[in-house]
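These are the residues of each chain, in order.
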Amino acid sequence: MLLITQSKPLIMEKSSEKNTSAFAHLSTLSQYIIPFGNYIFPIIIWSSYKDKSEFVDHHGKQALNFQLSLLLYTLILALIAIPVFVTVFLQNLPIEAVFNDNEDFYIRNFNFEGNIGLLSIGATAVVLFGLLKFVEFFLVIYASIKASNGELYKYPLTISFIK
């Protein structure tokens, strides 16, 4: 008895489907030129081809789910970092800086001493955001290469908003 197993299913997709899928991933990089381009262009590509190709449907969903997951992670990091920095600033703002008889606005004796822990949390959130954007760029490139090779790809740490 001969048993043949494959680790990956063979996917025979047309070249146009591979290119469209790769472009769906790469179109998310338009966010650096056009605001919300990382949502607009993948939605346009995915909605245009989702009924025509199962392969493009998969990659379009993956690109959109990844961008929506990144949006959620970014909002969480912003909800951590922004209040921390505002709180530290307002705690150290002397009252005479706000109610000054002169027209000048100045802050003296700004003290970080009691807020190192809070500032560390806020700085960590900012660093994680930068790391998230860095990793996003390379994962998008990797996913587009996988799509252009005709392979299915699923981004790591992605929440399936669109099923």
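Residues numbered from 1 in each chain as written. Predicted model: local features only at pLDDT ≥ 70, side-chain atom pairs only at ≥ 80, totals over all residues. Heavy atoms only, no water.

**A word on the overall build of the chain**
Then step 1. Assigned secondary structure in the chain consists of five helices and zero strands.
Then step 2. Helices (α) and strands (β) of the chain occur, in sequence order from the N terminus, as α-α-α-α-α.
Then step 3. Within the chain, buried positions represent 33% of all 163 residues.
Then step 4. In the chain, of all internal contacts separated by at least 6 residues, the share reaching a separation of at least 24 is 71%.
Then step 5. For the chain, the accessible area works out to roughly 10900 Å², and carbon and sulfur atoms hold 67% of it. (Helix = DSSP H or I, 4+ residues; strand = E, 2+ residues; numbered from the N terminus. Buried < 20%, exposed > 50% of the residue type's maximum accessible area, 1.4 Å probe, protein only. Contact = heavy atoms within 4.5 Å. Areas by Shrake-Rupley, 256 points an atom, 1.4 Å probe, with all protein chains shown as cover.)

**Considering the packing of aromatic side chains**
Then step 1. Summed over the entire model, instances satisfying the criterion amount to five aromatic pairs.
Then step 2. Ring plane angle 65 degrees and centroid distance 5.0 Å describe the contact between Phe134 and Phe138, whose orientation is recorded as edge-to-face. Highlighted residues: Phe134 and Phe138, both in helix α5 (residues 116-148), separated by four residues, approximately one helical turn.
Then step 3. On the basis of relative accessible area, Phe134 is assigned to the exposed category, the value being 52%.
Then step 4. Pairing Phe137 with Phe138 gives two aromatic rings, centres 5.4 Å apart and planes at 85 degrees, and the pair type is edge-to-face.
Then step 5. On the basis of relative accessible area, Phe137 is assigned to the partly exposed category, the value being 35%.
Then step 6. Assessed through its relative accessible area of 46%, Phe138 is described here as partly exposed.
Then step 7. Ring pairing ties together the aromatic residues Phe66, Tyr142, Tyr153 and Tyr155, which thus form one cluster.
Then step 8. One Lys or Arg, Lys50, reaches over the ring of Trp46 and ends 4.6 Å from the middle of that ring. (Phe/Tyr/Trp six-rings, centres within 6.5 Å; stacked < 30°, edge-to-face > 60°. Lys NZ or Arg CZ within 6 Å of the ring centre and 35° of its normal.)

**Examining α5**
Then step 1. An ideal rise of 1.5 Å per residue puts 48 Å on 33 residues; α5 measures up with 48 Å between its terminal C-alpha atoms.
Then step 2. Taken together, the buried positions of α5 are occupied by Leu119, Gly122, Ala125, Glu136, Leu139, Val140, Ala143, Ser144, Lys146 and Ala147.
Then step 3. Turning to α5, the residues buried within the fold contact α1 (15-26) and α3 (54-91).
Then step 4. Positive phi shows up at Gly150, right after α5, with a value of about 85 degrees. (Expected span 1.5 Å × (residues − 1).)

**Brief notes about the pattern of salt bridges**
Then step 1. Enumeration over the complete set of coordinates arrives at three salt bridges.
Then step 2. Between Lys133 and Glu136 there is a salt bridge; the shortest N-O distance is 2.8 Å. On the criterion of helical spacing, the pair formed by Lys133 and Glu136 is a turn pair, its members being three residues apart in helix α5.
Then step 3. For Lys133, a relative accessible area of 26% translates into the label partly exposed.
Then step 4. Relative accessible area serves as the criterion here: at 0%, Glu136 is assigned to the buried category.
Then step 5. Between Lys146 and Glu151 there is a salt bridge, with the nearest N and O atoms lying 3.0 Å from each other. (Salt bridge = Lys/Arg side-chain N within 4 Å of Asp/Glu carboxyl O.)

**Points about the packing of helix α2 (residues 37-49) against α3**
Then step 1. Where α2 contacts α3, the two axes come as close as 9 Å, and the packing angle between them is 155 degrees. With respect to α3, the element α2 is oriented roughly antiparallel. As for the relative orientation of α2 and α3, their crossing is left-handed in sense. Across from Asn38, Tyr39, Pro42, Ile43, Trp46 and Tyr49 in α2, the residues of α3 making contact are Val56, Asp57, Gly60, Lys61, Leu64, Gln67, Leu68 and Leu71.
Then step 2. Its residues assigned to classes, the contact of α2 with α3 shows nine nonpolar, three polar and two charged. (Axes fitted to C-alpha atoms, helices over the stretch in contact; angles between N-to-C directions. Parallel < 35°, antiparallel > 145°, perpendicular 65-115°, else oblique. Left-handed = near helix turned anticlockwise from the far one by under 90°. Nonpolar A, V, L, I, M, F, W, Y, C, P; charged D, E, K, R; others polar.)

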